[in-house]
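A structural walkthrough
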Amino acid sequence: MYRWILPLLIFPILVCSSSVPVPEPESYPPVILKGTEVRTLTSKAVEGMKYKIWVAVPWEYSESSDTFPVVYLLDAKDLFGLNLDTYHMFRYFNDIPPLILVGITYEGDIYDLLFNRSRDFTPTALSRDQLAEKYGQQIANLTPTSGGAQDFLRFFEKELMPFIESEYRADPNSRGIFGYSYGGLFCTYALFNRPELFDRYFIGSPGIYWDDFVVLEQEEVYAASHNSLPVKLYVTVGSEEDEAEIDSWEQLCDRLTSREYKGLELSSEILEGETHMSGGGIGVDYSALRPAGS
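Bear in mind the structure is a predicted one, so any value in this text is a computation, not a measurement. (Residues numbered from 1 in each chain as written. Predicted model: local features only at pLDDT ≥ 70, side-chain atom pairs only at ≥ 80, totals over all residues. Heavy atoms only, no water.)

Here we take up the overall build of the protein. Per the secondary structure count, the protein includes ten helices and eight strands. Summarising the internal contacts of the protein: among those between residues at least 6 apart in sequence, 77% fall at separations of at least 24. Per element, the accessible surface of the protein, about 13900 Å² overall, is 52% carbon and sulfur. (Helix = DSSP H or I, 4+ residues; strand = E, 2+ residues; numbered from the N terminus. Contact = heavy atoms within 4.5 Å. Areas by Shrake-Rupley, 256 points an atom, 1.4 Å probe, with all protein chains shown as cover.)

Below, the structure is given as structure tokens:
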């Protein structure tokens, strides 16, 4: 159950057990993602947290004075290169306008990554015992802390987006966000708490089941005072995922469809034959993140 944990389990095993000789770092030139800069941003909203921010500007950036739409990518350490290459493929054939891609990731090793992402992406705090009871001991072990989504969303609004929009020619009226698994859970949290921060949302295989579907309770609060949700939203799940992930996708899509929110452009897709691990790649669809009118 919950196949999303497997990459996190396998990665340190591969690193520790591999018998293949590793050359000294200075023996060969490093691989560099062309057009990408690495910035560091220390947060006050997430007290004392230092984030690594990867920024890729479009090819046209230096040749014009235009502003460009932005897509923010969670879990950049794992997904930034994949998303950047996918974006470039769209650009080769002019299937999508030029974008600025901004990846958010963390310093440190795999254990720091586990701690920071589980804190930032989850909307409520659950203890280890609660997690073990609800989802099993493996989930509890891989979620060392939780409940920091409110602070992380404040980091986006008050620190990250002002930084990007002051340092780069980023259009403040055209922002997208991409999140997968726990990252998709955070995107859903943002959708129902501060939907105006982004006009395009990619939500891949979100853990909506978190804390007994607490984000759907937040949707009920939003719906009580709003009849519109003017965003473009793309939601996916793999057909070979576990029942909890598929049920999460269904409940989110059914809820949004039944509301008939004004202005909501909802696209949802079951990725046939894909698991939680493979869906993160095959489900990347930048056409769903096109700015309005493009």
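The buried fraction of strand β2 (residues 50-56) is high, at five of seven residues. Of the strand pairs in this sheet, strand β1 (residues 36-42) and β2 are connected by seven bridges, and their pairing is antiparallel. Residue pairing across strands places Thr-42 opposite Lys-50, the latter belonging to β2. Two elements, β2 and strand β4 (residues 100-106), share six bridges in a ladder whose sense is antiparallel. In the sheet register, Trp-54 faces β4, and the bridge partner there is Gly-103. (Buried < 20%, exposed > 50% of the residue type's maximum accessible area, 1.4 Å probe, protein only. Pairing = 2+ DSSP bridges.)

What follows covers unusual backbone geometry. Of note in this structure, Ser-181 is not a glycine but carries a positive phi near 65°. Relative to the helices and strands, Ser-181 is located in the loop between β5 (170-180) and α7 (182-193). In this structure Ser-181 comes out as buried when scored by relative accessible area, which is 7%. With a phi angle near 50°, Asp-211 is a residue other than glycine that sits in the positive phi range. By secondary structure assignment, the location of Asp-211 is in helix α8 (residues 210-223). Judged by relative accessible area, which is 18%, Asp-211 ranks as buried.

On to the sheet that holds β1, then. Pairing in this open sheet of eight strands is mixed, and the strands run β1-β2-β4-β3-β5-β6-β7-β8 from one edge to the other. At either end of the open sheet lies a strand with only one pairing partner, and these are β1 and β8 (265-271). For this sheet the average axis-to-axis angle between neighbouring strands, irrespective of direction, equals 20°. Judged from the five bridges that link them, β5 and strand β6 (residues 200-204) form a sheet pairing that is parallel. Residue pairing across strands places Phe-178 opposite Phe-202, the latter belonging to β6. (Axes fitted to C-alpha atoms, helices over the stretch in contact; angles between N-to-C directions.)

If you walk through the whole model with that rule in mind, you get 24 aromatic pairs. Grouped by ring-pair contacts, the aromatic residues Tyr-51, Tyr-72, Tyr-106, Phe-121, Phe-152, Phe-155, Phe-156, Phe-186, Tyr-189, Phe-198 and Tyr-201 constitute a single cluster. Lying over the aromatic face of Tyr-61, Arg-169 brings its terminal NZ or CZ to 4.0 Å of the ring centre. (Phe/Tyr/Trp six-rings, centres within 6.5 Å; stacked < 30°, edge-to-face > 60°. Lys NZ or Arg CZ within 6 Å of the ring centre and 35° of its normal.)

Right, let's get into helix α2 (residues 76-92). Given a rise of 1.5 Å per residue, 17 residues ought to cover 24 Å, and the 22 Å separating the end C-alpha atoms of α2 matches this to within 8%. Against β1, β2, β3 (68-73), β4 and β5 lie the buried residues of α2. Backbone geometry just after α2 places Asn-94 at a positive phi near 55°. (Expected span 1.5 Å × (residues − 1).)

Along β5, eight of the eleven residues are buried, which leaves the element largely enclosed by surrounding structure. Where β3 meets β5, five bridges bridge the pair, whose relative direction is parallel. Bridged to Val-70 within β5 is Arg-175. After leaving β5, the chain enters α7 and then returns to the sheet as β6, a path that is right-handed. (Right-handed = clockwise from strand over helix to strand, strands pointing away.)

This part is about the packing of helix α4 (residues 128-135) against α8. Relative to each other, α4 and α8 sit at 95°, their axes nearing to 11 Å. Relative to α8, the element α4 lies roughly perpendicular. Only Trp-210, Asp-211 and Asp-212 of α8 make contact with α4, whose side of the interface consists of Leu-131, Lys-134 and Tyr-135. Its residues assigned to classes, the contact of α4 with α8 comprises three nonpolar, no polar and three charged. (Parallel < 35°, antiparallel > 145°, perpendicular 65-115°, else oblique. Nonpolar A, V, L, I, M, F, W, Y, C, P; charged D, E, K, R; others polar.)

This part is about α8. With 14 residues, α8 extends 20 Å between its outermost C-alpha atoms, agreeing within 8% with the 20 Å of an ideal straight helix rising 1.5 Å per residue. Within the sequence span of α8, burial applies to Trp-210, Asp-211, Val-214, Val-215, Leu-216, Gln-218, Glu-219, Tyr-222 and Ala-223. At its buried positions, α8 is contacted by α4, α7 and α9 (243-259).

Take the pattern of salt bridges next. In this structure the tally under the stated criterion is 13 salt bridges. With a shortest N-O distance of 2.6 Å, Glu-157 and Arg-194 are connected by a salt bridge. Here Glu-157, found in helix α6 (residues 149-167), pairs with Arg-194, found in the loop between α7 and β6; they are 37 residues apart in sequence, far enough to count as distant. By relative accessible area, Arg-194 is classed as partly exposed at 26%. A network of salt bridges, in which partner residues are shared, links Glu-219, Glu-220, Arg-255 and Arg-259. (Salt bridge = Lys/Arg side-chain N within 4 Å of Asp/Glu carboxyl O.)

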